[in-house]
Amino acid sequence: MSDVHADTSDARAEPQKPLILVVEDEPKIASLLCDYLDGSGYRTRHVDDGNAVIAAVNDETPALVLLDLMLPGTDGLTLCRQLRAEDNLLPIVMLTARVEEVDRLLGLELGADDYICKPFSPREVVARIKAVLRRSQALDQTLSQTSDKGQLVLNEEGWQALADGSDLGLTAVEFQLLKVMMQSPGRIFSRDQLMDHMYRDHRIVSERTVDSHVKKLRRKIANVWPERDVIRSIYGVGYKFEPDVLD
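Residues numbered from 1 in each chain as written. Predicted model: local features only at pLDDT ≥ 70, side-chain atom pairs only at ≥ 80, totals over all residues. Heavy atoms only, no water.

## Describing the overall build of the chain
- Across its full length, the chain holds eight helices and 12 strands.
- Of all 247 residues assigned to the chain, the portion counted as buried reaches 43%.
- Long-range pairs, those at least 24 residues apart, make up 55% of the contacts in the chain with a sequence separation of at least 6. (Helix = DSSP H or I, 4+ residues; strand = E, 2+ residues; numbered from the N terminus. Buried < 20%, exposed > 50% of the residue type's maximum accessible area, 1.4 Å probe, protein only. Contact = heavy atoms within 4.5 Å.)

Quick look at the structure:
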C-alpha cells in the first residue's frame, strides 16, 4: 500500500517540491512524519511494505528515502543494499529501534547517509533530512566541477570520493582511510596508525581488517583508473598515497 501527499495548487505557479519516500509500516508514525514533512516544504509518498519500495523509487525517483529497519516483506537493511546498488547517490536515512545496528546503518557496510533511533522527535527527523539533502546538493555541485581527467577529490560534507568526477561509492571507513592518506601524500602509515584514524572508538580489530579495507578501496579506485595505483603497499610496513601517479 502506498499513498502520496501531493500539493494540489497549480504546478505551474512554483517549482515542484522535493519528494520524500517514507517507508514505515506503523500508520501513526508514518502519518506524523508525512504531516511534518508536508508542512516543511516537501511532498511525501508513503509505503508500508518493503516489497513495494523498489517499484515506488522507480516510479518517481525521490529526493530522499526515509527507510525503517523493520518492515514486512523485504527488510530495511536489504532494501538499503538494493537501493545503493541501483543508485549510489540516492540519499537514504534509516529509522531504527535497534541500536546494535548503528555501525551498519552509518555506512560501514551499507552506505546509509544517516540514521535516527526511535523514539524520535518529528522535528529532529525533518532537521536531519534537511542536513542530508544539503550534503547531497553540495555533492552535486562538486560532481559538476570535477570532470577534469586525473582528479581525485574528496567531498567531506557528503562523505564522497570522486575520481574524474565519478563517485567511488566508498563506505565511511574507506572514505576515512583514503582521507587520512591523502592528507599526507607520500607518508607511509603503519596498520596501527591507520586503525587509530579509522576507528576513533579504539575498538579492537586485526591488521587483516585494515588490509581488507585497503583492498576494497583499491578495487573501487581501479574501477575508474585500472592502470593507476595511487595507494601503494610497503611490504612489512603499511601503505601510502602516491599523488605523482595522477600527473
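## A word on the pattern of salt bridges
- Applying the stated criterion across every chain yields a total of 12 salt bridges.
- The salt bridge involving Lys118 is made with Asp68; its shortest N-O contact spans 3.2 Å. You can see Lys118 sitting in the loop between strand S6 (114-117) and helix H5 (122-145) and its partner Asp68 sitting in strand S4 (residues 64-68), a full 50 residues away along the chain.
- The salt bridge partner of Glu124 is Arg128, with a shortest N-O separation of 2.6 Å. On the criterion of helical spacing, the pair formed by Glu124 and Arg128 is a turn pair, its members being four residues apart in helix H5.
- A residue is classified by how much of its surface remains accessible, and Arg128, at 24% relative accessible area, is partly exposed. (Salt bridge = Lys/Arg side-chain N within 4 Å of Asp/Glu carboxyl O.)

## Observations regarding the sheet that holds strand S11 (residues 231-234)
- Read across the sheet, three strands follow the order S10-S12-S11 without closing on themselves; strand pairing throughout is antiparallel. Strands at the two margins of the open sheet, each flanked by one partner only, are strand S10 (189-190) and S11.
- The pairing of S10 with strand S12 (residues 238-241) spans two bridges and is antiparallel. Residue pairing in the sheet places Phe189 in a bridge with Tyr239 of S12.
- Each of S10, S11 and S12 touches helix H6 (residues 172-183); the most contacted strand, S12, lies at about 70° to it. (Pairing = 2+ DSSP bridges. Axes fitted to C-alpha atoms, helices over the stretch in contact; angles between N-to-C directions.)

## Some words on the packing of aromatic side chains
- Throughout the structure, instances matching the rule amount to zero aromatic pairs.
- Its guanidinium or amino end placed over the ring of Trp225, Arg228 lies 5.0 Å from that ring's centre, counting from NZ or CZ. (Phe/Tyr/Trp six-rings, centres within 6.5 Å; stacked < 30°, edge-to-face > 60°. Lys NZ or Arg CZ within 6 Å of the ring centre and 35° of its normal.)

## With respect to the pairing of strand S8 (residues 160-163)
- The alternating pattern of S8 places Gln160 and Leu162 on one face and Ala161 and Ala163 on the opposite face, and all of these are buried.
- Pairing of strand S7 (residues 152-155) with S8, which is carried by four bridges, proceeds in the antiparallel orientation. Counterpart to Val153 in the pairing with S8 is Leu162.
- With two bridges connecting them, S8 and strand S9 (residues 166-167) associate as antiparallel partners. Residue Leu162 lies in a different strand from S9, and its bridge partner there is Asp167.
- Hairpin connection of S8 to S9: two residues between the antiparallel strands, including Asp164 at a positive phi of 55°.

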